[in-house]
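Chain and residue survey
Listed below are the residues making up each chain.
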Amino acid sequence: MFELRLASFLFTLFLPLLANAVTPAEMLADPALEARARAIATELRCLVCQNQSIDDSDASLAKDLRVLVREKLKEGMSDAEVRDFIHARYGDFVLLRPPMKPGTLLLWSAPLIALLAGAATVWMAVRRRSSVAAAPAEALSAEERARLKALGVSDSDTSQS
C-alpha cells in the first residue's frame, strides 16, 4: 500500500515535467528534424510569458514561433540560421541567453550589482549597530535627576537599564 501511495505521489510531483506545450500536430515526422526543432525551441524565450522557452509555453505566439522554427528547418536551414532568423526578427530579448555586448551589459551585471548592494547594506547595518552599542551612556544632568526624583524614580534604577 505504501509503495502505491509513493508511486502516485511521485507521479503527481513529476507530472509537470512530462507535460510539453508542443502538440502532436506541430511535431515533425522526421525524428532528427524534430529533435533539432526542440533543441532550438528550448533556447528561445516566449515573448508573452518571458520566463519560459517557447518549447514550454502554451501561449499562441510561442506556438507560432515553434511552427516557424519547424518550417525553416523543413526548408533546409541549419540550426544557427534558424536562430539567427528569429534573432534578427525579434531582437536579443527572444534569446534565453542573450549575447554579451554593451546593450546587454546591465542585464549580465545585474546579479553582481544586486549582490554588492546587499553586502553593502548588511555592512552598513552592522556598523551602525556596533557604533550604537559601543557608545557610552551619558550621565544625567541635574535637571534630569530632579525630574526623575519628582516622578519617584531613583537614579540607581535608570543606571541598570
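Higher on the page you've got the structure.
Basis of the calculations
- Each chain carries its own residue numbering, running from 1 in the written order of its sequence.
- This being a predicted model, a pLDDT of at least 70 is required before a residue's local features are given, and a value of 80 or more before pairs of side-chain atoms are given or counted; all residues contribute to the totals for chains, interfaces and linings.
- As a rule here, side-chain values cover all heavy atoms of the structure and leave hydrogens and water aside.
- A helix here means a DSSP run of H or I that spans at least four residues, while a strand means a run of E at least two residues long, and both kinds are numbered starting from the N terminus.
- Type-normalised accessible area, obtained with a 1.4 Å probe on protein chains alone, sets the label of each residue: buried when under 20%, exposed when over 50%, and partly exposed for intermediate values.
- In short, Shrake-Rupley with a 1.4 Å probe defines the accessible areas, and a residue's cover is counted only from the protein chains shown.
- The length a helix should cover is 1.5 Å for every residue beyond the first.
- Contacts between residues were defined by any pair of non-hydrogen atoms, one from each residue, lying within 4.5 Å.
- The term polar contact refers here to a pair of N or O atoms within 3.5 Å; inside protein, the definition further demands a hydrogen-donor-capable atom paired with an acceptor-capable atom, and it admits residues adjacent in sequence only when both atoms are side-chain atoms.
- When a carboxyl oxygen of Asp or Glu lies within 4 Å of a side-chain nitrogen of Lys or Arg, that pair is called a salt bridge.
- All axes are obtained by fitting lines to C-alpha atoms, using only the stretch in contact for helices, and the reported angles, taken between N-to-C directions, cover 0 to 180 degrees.
- Oblique is the label for any angle not under 35 degrees, not over 145, and not in the 65 to 115 range, which are roughly parallel, roughly antiparallel and roughly perpendicular in turn.
- If you view the pair so one helix is near and one far, a crossing is left-handed when the near helix is turned anticlockwise from the far one by less than a right angle, and right-handed when it is turned clockwise.
- Put simply, Ala, Val, Leu, Ile, Met, Phe, Trp, Tyr, Cys and Pro go in the nonpolar bin, Asp, Glu, Lys and Arg in the charged bin, and everything else, Gly too, in the polar bin.
- Ring pairs shown here join Phe, Tyr and Trp side chains whose ring centres sit within 6.5 Å, with only the six-membered ring taken for Trp; geometry is labelled stacked below 30 degrees between planes, edge-to-face above 60, and tilted in between.
- In this scheme, the term charge over a ring applies when either NZ of a lysine or CZ of an arginine sits within 6 Å of the ring centre and within 35 degrees of the ring normal.
- Residues form patches when they are more than 30% accessible in relative terms and have no salt bridge. Like charges link within 9 Å. Nonpolar side chains (Val, Leu, Ile, Met, Phe, Trp, Tyr) link within 5 Å.

1. Section: the overall build of the protein chain
For the protein chain, the helix and strand inventory stands at 7 helices and 0 strands. If you list the helices and strands of the protein chain from N to C, you get α-α-α-α-α-α-α. By the burial criterion, 21% of the 161 residues in the protein chain qualify as buried. When the accessible surface of the protein chain is summed, it comes to about 11900 Å², and 63% of that surface belongs to carbon and sulfur atoms.

2. A look at helix α3 (residues 60–74)
Between the first and last C-alpha of α3 there are 21 Å, a value that for 15 residues agrees with the 21 Å anticipated at 1.5 Å per step. Where α3 is concerned, the buried positions are A62, L65, R66, L68, V69, R70, K72 and L73. Residues of α3 that are buried make contact with α2 (31–41) and α4 (79–90). Downstream of α3 by a residue or two, G76 has a phi angle that is positive, lying close to 100 degrees.

3. Describing the environment of D92
Mapped onto the elements, D92 comes out in the loop between α4 and α5 (105–134). Its relative accessible area of 19% is what places D92 among the buried residues. Measuring from C-alpha to C-alpha, the distance between D92 and R45 comes to 9.8 Å, with 47 residues separating the pair along the chain. Dropping the residues within four chain positions of it, D92 is found in contact with H87, P98, P99, K101 and T104. A polar contact is formed between the side chain of D92 and the side chain of K101, at a distance of 2.8 Å.

4. Some thoughts on the pattern of salt bridges
Scanning the entire structure with this criterion turns up 6 salt bridges. With a shortest N-O distance of 2.6 Å, R36 and D79 are connected by a salt bridge. Residue R36 is found in helix α2, and its partner D79 is found in helix α4; the two are separated by 43 residues along the sequence. The exposure class assigned to D79 is partly exposed, which follows from its relative accessible area of 22%.

5. Details of the packing of α2 against α3
At their nearest, the axes of α2 and α3 sit 10 Å apart, and the two run at 135 degrees to each other. Overall, the two elements α2 and α3 adopt an arrangement that is oblique. Crossing geometry of α2 relative to α3 is assigned as right-handed. Every residue of α3 that contacts α2 at L33, E34, R36, A37, R38 and I40 is listed here: V69, R70 and L73. Its residues placed into classes, the contact of α2 with α3 shows 5 nonpolar, no polar and 4 charged.

6. Side note on the packing of aromatic side chains
The final tally for this structure, using the stated rule, is 0 aromatic pairs. Sitting over the face of the ring of F85, K72 holds its NZ or CZ atom 4.4 Å from the ring centroid.

7. Here's the deal with the packing of α3 against α4
Two elements in contact, α3 and α4, have axes whose closest approach is 10 Å; the angle formed by their N-to-C orientations is 135 degrees. Classified by the interaxial angle, the pair formed by α3 and α4 is oblique. Here the hand of the crossing between α3 and α4 comes out right-handed. In this structure, α3 uses L65, L68, V69, K72 and L73 to contact α4, whose residues at the interface are D79, V82, F85, I86, R89 and Y90. Taken together, the residues of the contact of α3 with α4 sort by class into 8 nonpolar, no polar and 3 charged.

8. Re a nonpolar patch on the surface
A grouping of M100, L105, L107 and W108 is seen on the molecular surface, where their side chains present a nonpolar patch of about 450 Å² in accessible area. Position of L105 relative to the elements: it lies in helix α5. The exposure class assigned to L105 is partly exposed, which follows from its relative accessible area of 47%.

Spatial relationships are all this shows, so hold off on functional conclusions.
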